[in-house]
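Listed below are the residues making up each chain.
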Amino acid sequence: MYSMLLHSHSGLRWIVLILLLLAVVNNGMKWKSGKAFTDKDRKLNLFTMIFSHIMLLIGIGLVFMSPKMKIGEGGMNEVTRFFMTQHMTWMIVAIILITIGNIRSKKLIGDKVKFKAAFIPYLLALVAILYAIPWPGRGYGGGWY
Ligand code: HEM
């Protein structure tokens, strides 16, 4: 079960990153060029949010199952500290930003306003996620997929 969650969490990062990048570029370009906000634009923002929520759910499962989340007798090591503080905090902030961006863009009226409402929080979320991923080489034991 742990291994299944870990592999899903690790692999799904690419889906989240690709969707988020597409959504940022789409919202940013159409906001600037004054295009109409269509159902396709709404769906891209929505699917990005759904996948980020799936990551949150799997992440919560990992918090309870991961050996990296167990505090040993000597206290927290570097890896545990990274996942408990940086990784969790920035990922949750990013997911909240994506959720706010999606809801505001859906509710607000006016094409430009809708694109802008999603673009800014989605861009900030992308930066936070790229920063908080335990990329190989950072020393936290994360893989590429
Ligand atoms: C979009 C959001 C997220 C992304 C892209 C992401 C990405 C990743 C990646 C790439 C790893 C390393 C997997 C590996 O070893 O190959 C990881 C590990 C982990 N993540 Fe996330 N994560 C996200 C959100 C979260 C959240 C919200 C939580 C907690 C509530 C969480 C908890 C964990 C834990 C505990 C591990 C360590 C698992 C282990 O190696 O045993 N993640 N995450």
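Details of the structure are given in the entry above.
The rules behind these values
Residues numbered from 1 in each chain as written. Predicted model: local features only at pLDDT ≥ 70, side-chain atom pairs only at ≥ 80, totals over all residues. Heavy atoms only, no water. Donors = N, O, S within 2.8 Å, 3.2 Å for Na, K, Ca; no water. Buried < 20%, exposed > 50% of the residue type's maximum accessible area, 1.4 Å probe, protein only. Salt bridge = Lys/Arg side-chain N within 4 Å of Asp/Glu carboxyl O. Helix = DSSP H or I, 4+ residues; strand = E, 2+ residues; numbered from the N terminus. Axes fitted to C-alpha atoms, helices over the stretch in contact; angles between N-to-C directions. Parallel < 35°, antiparallel > 145°, perpendicular 65-115°, else oblique. Left-handed = near helix turned anticlockwise from the far one by under 90°. Contact = heavy atoms within 4.5 Å. Nonpolar A, V, L, I, M, F, W, Y, C, P; charged D, E, K, R; others polar. Phe/Tyr/Trp six-rings, centres within 6.5 Å; stacked < 30°, edge-to-face > 60°. Near = heavy atom within 4 Å. Polar contact = N/O pair within 3.5 Å; in protein donor to acceptor, adjacent residues only side chain to side chain.

Draft legend 1. A look at the coordination of the iron atom of the ligand. For the iron atom of the ligand, the full set of protein donor atoms is His 9 (NE2) and His 87 (NE2), and the range of their distances to it is 2.0 Å. Given a relative accessible area of 16%, His 9 falls into the buried group.

Draft legend 2. Representation of the pattern of salt bridges within the structure. Evaluated as defined, the whole model comprises four salt bridges. Of the charged contacts, one joins Asp 41 and Lys 30 as a salt bridge, the two residues approaching to 2.9 Å between their closest N and O atoms. Placement of the pair is Asp 41 in helix 2 (residues 39-65) and Lys 30 in helix 1 (residues 2-33), with a sequence separation of eleven residues. Overall, the relative accessible area of 2% leaves Asp 41 in the buried class. Look at the salt bridges and you will find they share partners, linking Asp 39, Arg 42 and Lys 43 into a network.

Draft legend 3. Spatial organisation of the packing of helix 2 against helix 3 (residues 78-107). Between helix 2 and helix 3, whose axes approach to 10 Å, the crossing angle comes to 150°. With respect to each other, helix 2 and helix 3 are oriented roughly antiparallel. The crossing of helix 2 and helix 3 is left-handed. Contacts from Arg 42, Asn 45, Leu 46, Thr 48, Met 49, Ser 52, His 53, Leu 56 and Val 63 in helix 2 reach Met 88, Ile 92, Ile 95, Ile 98, Thr 99, Asn 102, Ser 105 and Lys 106 in helix 3.

Draft legend 4. Representation of the packing of helix 1 against helix 2 in the model. Axis separation between helix 1 and helix 2 bottoms out at 8 Å; the angle between their running directions is 155°. As far as their axial angle goes, helix 2 and helix 1 are roughly antiparallel. In this structure, helix 1 meets helix 2 at a crossing whose hand is left-handed. A class-by-class count of the residues in the contact of helix 1 with helix 2 yields 18 nonpolar, nine polar and three charged.

Draft legend 5. Inspection of the packing of aromatic side chains at higher detail. Summed over all chains, the structure comprises seven aromatic pairs. Look at Trp 31 and Phe 119: their rings are 5.6 Å apart centre to centre, the planes differ by 50°, and that puts the pair in the tilted class. Of the two residues, Trp 31 sits in helix 1 while Phe 119 sits in helix 4 (residues 111-132), which places them 88 residues apart along the sequence. On the basis of relative accessibility, which here comes to 17%, the residue Trp 31 falls in the buried class.

Draft legend 6. Representation of the site of the ligand within the structure. Not every one of the 24 residues close to the ligand is listed here, only the nearest: Tyr 2, His 9, Ser 66, Lys 68 and His 87. Within the side chain of Ser 10, a nitrogen or oxygen atom sits 2.9 Å from an oxygen atom of the ligand. Contacts to the ligand include His 87, whose side-chain N or O atom sits 2.8 Å from a nitrogen atom. Secondary-structure elements contributing two or more residues to the shell around the ligand are helix 1, helix 2 and helix 3. For the shell around the ligand, the leading source of residues is helix 2, giving six residues. Grouping the amino acids of the shell around the ligand by side-chain chemistry returns 14 nonpolar, eight polar and two charged.

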